[in-house]
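# Tertiary structure, described
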Amino acid sequence: MNEREARLRQLSDSVVNMDDEGIVELSRNYIQAGHPALDGILGGLVDGMSRAGALYEEEEYFVSDLLLCSDAMYAGLGELTPHLPEEAKNARKPRAVIGVVEGDTHDIGKNLVKIMLETAGFEMHDLGRDVPVADFVAKAKEVEASLVCLSTLMTTTMTNMGRIVALLEQENLRDTVKVIIGGAPVSAAFARKIGADGYAGNAVEAVGMAKRLLGLETPVLA
Amino acid sequence: MDAMTPLERAAAIAKGEAADRLPCNPNVANGAARVLGCKISAFNTDAKTLAQAQIASYRRFGYDGVRIFTDLFAWAEAMGAKVACPDDHTADLAAPAVTSLAAIDGLRPADPRKNGRLPVYLEAMDHLVEAIGHEVGCAAGIVGPFTNAFFLYGVDEAFRLLRKNPAAFHKLCRVSLETCLAYAEAAMAKGLTPTISEPMSSCTVVSPAAFREFSLPYLRELVDFIKAAGRSPVIHICGATQKIWHDVADLGVAGFSVDNVVDLKDCCRAIGSKTKILGHVDPAGIMYGGTPADVRRRTLECILDAHDSPKGYVVMSGCSLPVETPFHNIDAMMRTAREVGYPVDPDKVRAMLAAIPDAAPGA
């Protein structure tokens, strides 16, 4: 392992180990050693988040751990992003709108999906929770999103997911906007029933599905 | 519609005597408002309506247990958190009680007779016990100390605190527990048995190690306090729980109510000799989204998996039912339990299962 690889590994480890303080200095040192910021983000921070995601899928890490890993990742991003070349800073990322549908009260799962998609290079527009049906569509239009992610933990709001898909259709946005749904009460069968493009069982699955649906095979983060 | 009242049934089964059927509690929560025909927001201020809705729902379906409980946030609210109370939806946490480390020391246990909506619940308990306390078990729902701690400090910030300042998190749990104890005491004085919901303790949310360090000690104090008063609570934890089954069962509680994501048979095998198992028909996919035939199938499957659990089994949903769960699905669960009867004959259950027409593909 050469010096650069060792630094990348340290960055990645700091994300996995939820060290949001240590990672700041590691990131600065990485830049000072003359390495490109983009590699640091992809090979260090994003790599760490992917490892954390894998640990979550193996039930070694829990929702709370992923949140803290992402704190470390964002702390590292804060140091590395300013050093990206201008064209990378201005590169257009795929945009996604995410939110918990109307009348819902839980958003831990939604926050995880947002973090993991951000890690994968999406520009995320988070509408929060208890979001009215029309707001999803308005936001998707406004930011020219290619992806809408709908989450719910409550069955009472499931039906609103179908209304959002229908409204996207009415607005002739269904060809350009993919819809992924998730949350405890919904299923792949329900996704098919309401005409969504897919159902993701957890945050890691959501990333894989988003990339597949949009034809993005490699990380697009810049 | 039943030959025995729920209390007669429970007593007979406990003594090993003949009974008409297994206990069955579909777990109607704020959906009771749909039976009575009131707004859910009435439960926040009107004790009589809160009790009347529970009574109406019990009379409508004939299930084995009623509970005063409207949402997870009432105890944090009574300690200073803000809740949003929509007109006809379940209340939601709007802002935690404290947002800084220093403010944790300023938190005081709630006085259930004075703070927030707790006095409304306590008054509703009087109405409930007076009307139906002689025939059905009346429970006072309460959120466990660990879960309530998250609402005192805000969920995401509380995760950070737990990791970075365990001592401060313990302080939160301690004052949270004091509120739980005070509420449990007040409810028991009115003749109700507390039931504890601990969703944040789920293995879906925190590690078993975190559960054992930050949740279990306070949960044990709460359970021991309730047991010392001669009652025994049922505990419900949402989501995955397999890795902490023995921890919960070893508390010596009356029962453990499990989510539909766990393996019911494994659960009975693991801890069924220590505590009663309740569960676990999917409240969303089946009870809310399914047909009466789906409900019948899942209810029968659960009964087959759990009917011979050594400390007993209660047919139940995996969590509180969605507000708009169709009445015909709740009826289907009750009807299925009635048809199965007691003691359960597994061959009869299998025959009932085989007689259900196959579901449409993809349903």
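Not measured: the values here are computed from a predicted model. (Residues numbered from 1 in each chain as written. Chains lettered and ligands numbered in written order. Predicted model: local features only at pLDDT ≥ 70, side-chain atom pairs only at ≥ 80, totals over all residues. Heavy atoms only, no water.)

## Let's talk about the interface of chain B and chain A
Contact residues are listed per partner, giving 26 residues for chain B and 23 residues for chain A. In this assembly, chain B and chain A are joined by four salt bridges. The residue Arg160 of chain B makes a salt bridge to Asp71 of chain A at a minimum N-O spacing of 2.3 Å. Connecting chain B to chain A are seven residue pairs in polar contact (both at pLDDT 80 or more). (Contact = heavy atoms within 4.5 Å. Salt bridge = Lys/Arg side-chain N within 4 Å of Asp/Glu carboxyl O. Polar contact = N/O pair within 3.5 Å; in protein donor to acceptor, adjacent residues only side chain to side chain.)

## Looking at the UniProt feature "domain: B12-binding N-terminal" (unreviewed entry) in chain A
UniProt feature "domain: B12-binding N-terminal" (unreviewed entry): in the numbering of this structure it lies at residues 1-92 of chain A. The span residues 1-92 of chain A shows a helical share of 75% and a strand share of 0%, and its end C-alpha atoms are spaced 33 Å apart. (UniProt positions renumbered as here; feature names shortened; annotations may be inferred. Helix = DSSP H or I, 4+ residues; strand = E, 2+ residues; numbered from the N terminus.)

## Re the pattern of salt bridges
Residue and element names in this part refer to chain B. On inspection of all chains with the given rule, the structure shows 40 salt bridges over all chains. The partner of Lys171 in a salt bridge is Asp105, and the shortest N-O contact between them spans 3.0 Å. Highlighted residues: Lys171 in helix 8 (residues 166-189) and Asp105 in the loop between strand 4 (92-95) and helix 5 (118-132), separated in sequence by 66 residues. Put simply, Lys190 and Asp126 hold a salt bridge, and the shortest N to O gap is 3.0 Å. Residue Lys190 is located in the loop between helix 8 and strand 6 (193-197), and its partner Asp126 is located in helix 5; the two are separated by 64 residues in the primary sequence. For Lys190, a relative accessible area of 28% puts it in the partly exposed group. Put simply, Asp2, Arg9, Asp20, Arg21, Asp64 and Arg338 are held in one network by salt bridges that share partners. (Buried < 20%, exposed > 50% of the residue type's maximum accessible area, 1.4 Å probe, protein only.)

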